[in-house]
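Each chain is listed here by its residues.
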Amino acid sequence: MLSRISEDGFLNEDAIRGFVREALDSTPLDGKRVLFIVPDHTRSMPMATMFRAAWEALRGRAKKMDLLIALGTHPPEPDDVILPRLGITPRERETTFAEVGIFNHEWDNPAALACIGTLGEDDIAELSEGRMRQAVDVMINKRVLEYDLVCIMGPVFPHEVVGFSGGNKYFFPGVAGAEILNLFHWLGALITNYRINGTKHTPVRAVVDKAASLIPVEKRCFCLTVVKKETKAVFFGAPEEAWSAAADLSAKVHVVYKDRPFDSVLAVAPKMYDDIWVAGKCMYKLEPVVADGGELIIYAPHVREVSVTHGALIKRIGYHCRDYFLAQVEKFRDIPGGILAHSTHVRGMGVYENGVEKPRVQVTLATGIPEDECRAINLGYRDPASIHLDDWKDREDAGRLHVPDAGEILYRLRSEACTET
């Protein structure tokens with residue numbers, strides 16, 4: 001494995017480009033078809049620098065270089081989003097980069113997917129540590145199978161479903177079919193965001209890595225450590241190896257410890273989160289430092305939808321704690337596990353006793369979503385115009401925490417050490 005880490009700051013553009021060239025120069029790629037799997041706009045990384053450096057390193061060497069955007073179930077991205085993220089103009093797309101294929105993943109198009117194997121009931125029971133027992137076909141975007149080498153290129157952060165993002169997660173759920181996606185998202189929900197977020201070795205990561213082992217193509221991975229849009233480190237190697245090193249560093253730089261919980265937390269969502277499906281990360285990363293009975297406010301005036309893709313289903317079931325669904329399995333059997341998982345992750349910890357749901361904290365939306373819609377999905381509402389950010393700054397002594405650009409940095413109580421699941 002190769003790595004480049006800035007011990008006392010961040011890597012500049014030249015350092016990143018030089019590392020990408022060194023990594024790809026050391027990989028036998030002459031005459032080969034290479035597919036890069038990259039994140040969409042909801043993940044922070046120097047995508048333009050990485051893309052151009054890879055293209056320069058492979059130009060004249062590789063037979064083919066293409067990109068597949070790991071959308072999971074996010075909406076497909078149009079050119080006016082993709083091209084600026086790659087740092088290329090429409091004119092360059094038509095000329096300099098005309099031969100580079102750029103594809104959106106199609107999770108809901110059976111014709112775009114291929115089955116590479118099955119994880120049986122015994123496999124899932126073992127990997128989930130007995131929490132689930134069901135077989136699942138492993139479906140992946142069939143483009144992955146059309147190349148000589150597939151190279152993941154993405155950041156690693158604490159994550160609510162798998163523990164730490166990155167690595168093989170760019171295959172599953174990044175470019176996977178819905179069945180396995182729904183299975184391991186619900187597995188993560190059973191464990192709960194509270195326990196899994198920021199934990200390195202989890203049953204969900206075990207499922208993801210097992211599924212990735214079925215991919216019959218050579219794999220490499222660039223894992224980046226990005227802090228407040230700046231790159232701290234880049235790792236390159238096999239996906240498991242590069243991810244492991246990046247996760248270890250992420251645990252050091254992406255976790256903020258607080259001495260006590262807060263009665264009110266204002267999580268300011270960045271503009272890259274354009275619906276609650278992704279802005280929910282504000283809750284995932286801050287749930288551990290909200291006091292019992294406290295309030296977490298997702299402040300995102302620019303957000304006007306619950307979910308572009310899954311809005312109808314989420315509005316049908318609303319947001320509830322895990323135990324609410326476990327007590328009514330038959331009622332929600334037709335709802336995909338990924339939808340149920342999102343619901344529980346946003347609502348957070350709680351209990352369901354004698355037909356009454358008791359969430360641990362209040363979750364409130366201060367967004368462009370109307371009040372009646374917020375109430376209908378079991379979340380609180382505040383008019384974003386009533387919130388003045390200056391009133392929240394430097395108020396920790398009064399029990400108020402203000403978190404700008406929430407969603408990537410995990411907050412924990414110092415007294416609660418991370419435990420493996």
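Above this note sits the structure.
In what follows, the accompanying structure is described. (Residues numbered from 1 in each chain as written. Predicted model: local features only at pLDDT ≥ 70, side-chain atom pairs only at ≥ 80, totals over all residues. Heavy atoms only, no water.)

Some details on helix H9 (residues 239–253)
Phase 1: In this model, H9 (15 residues) spans 21 Å end to end at C-alpha, consistent with the 21 Å of a helix rising 1.5 Å per residue.
Phase 2: Those residues of H9 lying buried are Pro239, Ala242, Trp243, Ala245, Ala246, Ala247, Leu249 and Ser250. (Helix = DSSP H or I, 4+ residues; strand = E, 2+ residues; numbered from the N terminus. Expected span 1.5 Å × (residues − 1). Buried < 20%, exposed > 50% of the residue type's maximum accessible area, 1.4 Å probe, protein only.)

Observations concerning the pattern of salt bridges
Phase 1: For the structure shown, the criterion picks out 27 salt bridges.
Phase 2: Its salt-bridge partner being Arg133, residue Asp122 comes within 2.3 Å of it at the nearest N-O pair. Here the residue Asp122 occupies a position in helix H5 (residues 121–127), and Arg133 occupies one in the loop between H5 and strand S6 (136–141), the gap between them amounting to 11 residues.
Phase 3: Each of the salt bridges in this network shares a partner with another, and the network as a whole consists of Glu13, Arg17 and Glu56. (Salt bridge = Lys/Arg side-chain N within 4 Å of Asp/Glu carboxyl O.)

Remarks on the state of the cysteines
Phase 1: Tallying each qualifying case throughout the model produces zero disulfides.
Phase 2: Cys223 carries a free sulfur, and the closest cysteine sulfur to it, the one in Cys221, is 3.3 Å from it.
Phase 3: Overall, the relative accessible area of 0% leaves Cys223 in the buried class. (Disulfide = S-S within 2.5 Å.)

Digging into unusual backbone geometry
Phase 1: The linkage connecting Phe172 with the following residue, Pro173, adopts the cis geometry, with an omega of 15°.
Phase 2: Note that Pro173 resides in the loop between strand S9 (163–164) and helix H6 (178–191).
Phase 3: For Thr192, which is not a glycine, the phi torsion comes out positive at approximately 90°.
Phase 4: If you trace the backbone, Thr192 turns up in the loop between H6 and helix H7 (193–196).
Phase 5: The exposure class of Thr192 is buried, given its relative accessible area of 7%.
Phase 6: The backbone of Lys228 sits at a positive phi, close to 50°, despite the residue not being glycine.

What to know about the nonpolar core
Phase 1: Ile37, Val144, Phe171, Phe172 and Leu286 are the most contacted members of the largest nonpolar core, which has 96 residues in total.
Phase 2: Element by element, the count of residues in this core is highest for H6, at eight residues.
Phase 3: Phe172 has contacts with Ile116, Val138, Met139, Ile140, Ile180, Phe184, Val208, Ala211, Ala212 and Ile215, leaving out every residue within four places of it along the chain.
Phase 4: Residues Phe51, Leu67, Ile69 and Ile88 belong to the second largest nonpolar core, which totals 41 residues. (Core = buried A, V, L, I, M, F, W, Y, C linked by side-chain atoms within 4.5 Å. Contact = heavy atoms within 4.5 Å.)

Brief notes about the sheet that holds strand S10 (residues 218–227)
Phase 1: Overall, mixed pairing links the seven strands, which are arranged S1-S11-S10-S7-S2-S3-S4 in an open sheet. Since the sheet does not close on itself, it has two edges, and those belong to strand S1 (2–5) and strand S4 (101–104), each with one partner. Each strand of the sheet is rotated relative to its neighbour by a mean of 15°, with strand direction disregarded.
Phase 2: Bridge count for strand S3 (residues 64–70) against S4 is four bridges, and the pairing is parallel. Within S4, the position partnered with Leu68 by the bridge is Phe103. (Pairing = 2+ DSSP bridges. Axes fitted to C-alpha atoms, helices over the stretch in contact; angles between N-to-C directions.)

Let's talk about the pairing of strand S7 (residues 149–155)
Phase 1: For S7, the tally of buried residues reaches seven of seven residues, placing the bulk of the element in the interior.
Phase 2: Residues of S7 alternate between two faces, with Leu149, Cys151, Met153 and Pro155 on one and Val150, Ile152 and Gly154 on the opposite face, all of them buried.
Phase 3: Where strand S2 (residues 33–39) meets S7, four bridges bridge the pair, whose relative direction is parallel. Each residue of the ladder has a partner; that of Leu35, found in S7, is Val150.
Phase 4: Pairing analysis gives seven bridges linking S7 to S10, with the strands arranged parallel.

Observations concerning the environment of Leu401
Phase 1: Considering the arrangement of structural elements, one finds Leu401 in strand S19 (residues 400–403).
Phase 2: In this structure, the C-alpha to C-alpha distance between Leu401 and Val290, residues 111 residues apart in sequence, is 9.1 Å.
Phase 3: If sequence neighbours within four positions are ignored, Leu401 has contacts with Lys258, Phe262, Ser264, Val265, Leu266, Leu286, Val289, Trp392, Glu396 and Tyr411.

Thoughts on the packing of aromatic side chains
Phase 1: A full pass over the atoms with the stated rule returns eight aromatic pairs.
Phase 2: Plain terms: the ring middles of Phe19 and Phe222 are 6.3 Å apart, the flat faces sit at 75° to each other, and that makes the pair edge-to-face. You can see Phe19 sitting in helix H1 (residues 13–25) and its partner Phe222 sitting in strand S10, a full 203 residues away along the chain. For the pair Phe19 and Phe222, one class covers both residues: buried.
Phase 3: Between Tyr324 and Phe332, the aromatic rings sit 5.8 Å apart at their centres with planes inclined by 45°, giving tilted as the arrangement.
Phase 4: These aromatic residues form a ring-pair network of at least three members: Tyr324, Phe325, Phe332 and Tyr352.
Phase 5: Here the guanidinium or amino end of Arg143 rests over the ring plane of Phe103, the centre of that ring lying 3.6 Å away.
Phase 6: When the ring centre of Trp392 is taken as origin, the NZ or CZ atom of Arg400, which lies over that ring, is 4.3 Å away. (Phe/Tyr/Trp six-rings, centres within 6.5 Å; stacked < 30°, edge-to-face > 60°. Lys NZ or Arg CZ within 6 Å of the ring centre and 35° of its normal.)

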